[in-house]
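Coordinate inspection notes
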Amino acid sequence: QVHVVESGGGLVQAGGSLRLSCEATGSISDINAMGWFREVPGKHRELVGAITRGGDTNYGDSVKGRVTISRDSAKNTVYLQMNSLKPEDTAVYYCLATSTQPPYDYWGQGTQVTVSS
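So, how was this worked out
- Residues numbered from 1 in each chain as written.
- Predicted model: local features only at pLDDT ≥ 70, side-chain atom pairs only at ≥ 80, totals over all residues.
- Heavy atoms only, no water.
- Disulfide = S-S within 2.5 Å.
- Helix = DSSP H or I, 4+ residues; strand = E, 2+ residues; numbered from the N terminus.
- Buried < 20%, exposed > 50% of the residue type's maximum accessible area, 1.4 Å probe, protein only.
- Core = buried A, V, L, I, M, F, W, Y, C linked by side-chain atoms within 4.5 Å.
- Contact = heavy atoms within 4.5 Å.
- Polar contact = N/O pair within 3.5 Å; in protein donor to acceptor, adjacent residues only side chain to side chain.
- Phe/Tyr/Trp six-rings, centres within 6.5 Å; stacked < 30°, edge-to-face > 60°.
- Lys NZ or Arg CZ within 6 Å of the ring centre and 35° of its normal.
- Pairing = 2+ DSSP bridges.

1. What about the state of the cysteines?
Summed over the entire model, instances satisfying the criterion amount to one disulfide. Note that C22 is cross-linked by a disulfide to C95, the S-S spacing being 1.9 Å. On the S-S bond that ties C22 to C95, the torsion sits near -80°, and the link is left-handed. Taken together, the positions of C22 in strand β3 (residues 18-26) and C95 in strand β9 (residues 91-100) put the pair 73 residues apart, joining distant regions of the chain. Across the pair, exposure class does not vary: C22 and C95 are buried alike.

Written as structure tokens, this is what we have:
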């Protein structure tokens, strides 16, 4: 069993920055990747950034060049640094931890990010 808890959301002006954190607890050794997704009403949940156990990263097309995902293995925490934020980045951001033993996706409760124009 894995639990993930997000933090760091809030209100920021366009052009500003924000850093989200996601801490994983429980069966950490089962996690093979962690990532951030976002969702707005009426749209599908979309990838923002992900990082594998091996350190490989992947980003959504709409945020490439503006976000960086990183991790602190000692703290079992993944960070999402978002820069040059736009009003269209407004969404609920969810942290995901994926495990392979057994295969399962663990989602956090989400944290609201609002970018004002």
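On we go.
2. As for the nonpolar core
Ranked by internal contacts, the top residues of the largest apolar core, which has 27 residues, are V4, L20, M34, W36, L80, M82 and Y93. Mapped onto this core, the elements with two or more residues apiece are β1 (2-7), β3, β4 (31-39), β5 (46-52), β7 (67-72), β8 (77-82), β9 and β11 (111-116). Look past the residues within four positions of Y93 in its chain and what remains in contact with it is E6, L20, W36, F37, R38, V48, L80, M82, G110, T111 and V113.

3. Considerations on the side chain of T98
Among the secondary structure elements, T98 is positioned in strand β9. Engagement of the side chain of T98 in a polar contact is seen with the side chain of N32, the distance being 2.7 Å. Ignoring anything within four residues of it in the chain, the contact list for T98 reads D30, I31, N32, A33, Y104 and D105.

4. Structural notes on the packing of aromatic side chains
One pass over the structure, following the stated rule, counts three aromatic pairs. Taking 5.3 Å as the distance between ring centres and 70° as the angle between the ring planes, the aromatic pair formed by F37 and W107 counts as edge-to-face. With a gap of 70 residues between them, F37 in strand β4 and W107 in strand β10 (residues 103-107) connect regions that are remote in the sequence. Exposure remark for W107: the relative accessible area of 34% places this residue in the partly exposed category. Sitting over the face of the ring of Y94, R45 holds its NZ or CZ atom 3.8 Å from the ring centroid. Taking the ring centre of W107 as reference, the NZ or CZ of R45 above it sits at 4.6 Å.

5. Describing the pairing of β9
A large share of β9 lies buried, amounting to eight of its 10 residues. Here eight bridges tie β4 to β9, and the two strands are oriented antiparallel to one another. Bridge pairing in β9 places G35 opposite L96. Of the strand pairs in this sheet, β9 and β11 are connected by three bridges, and their pairing is antiparallel. Bridge pairing in β11 links A91 to V113.

The quantities given are spatial measurements derived from coordinates; they are silent on function.
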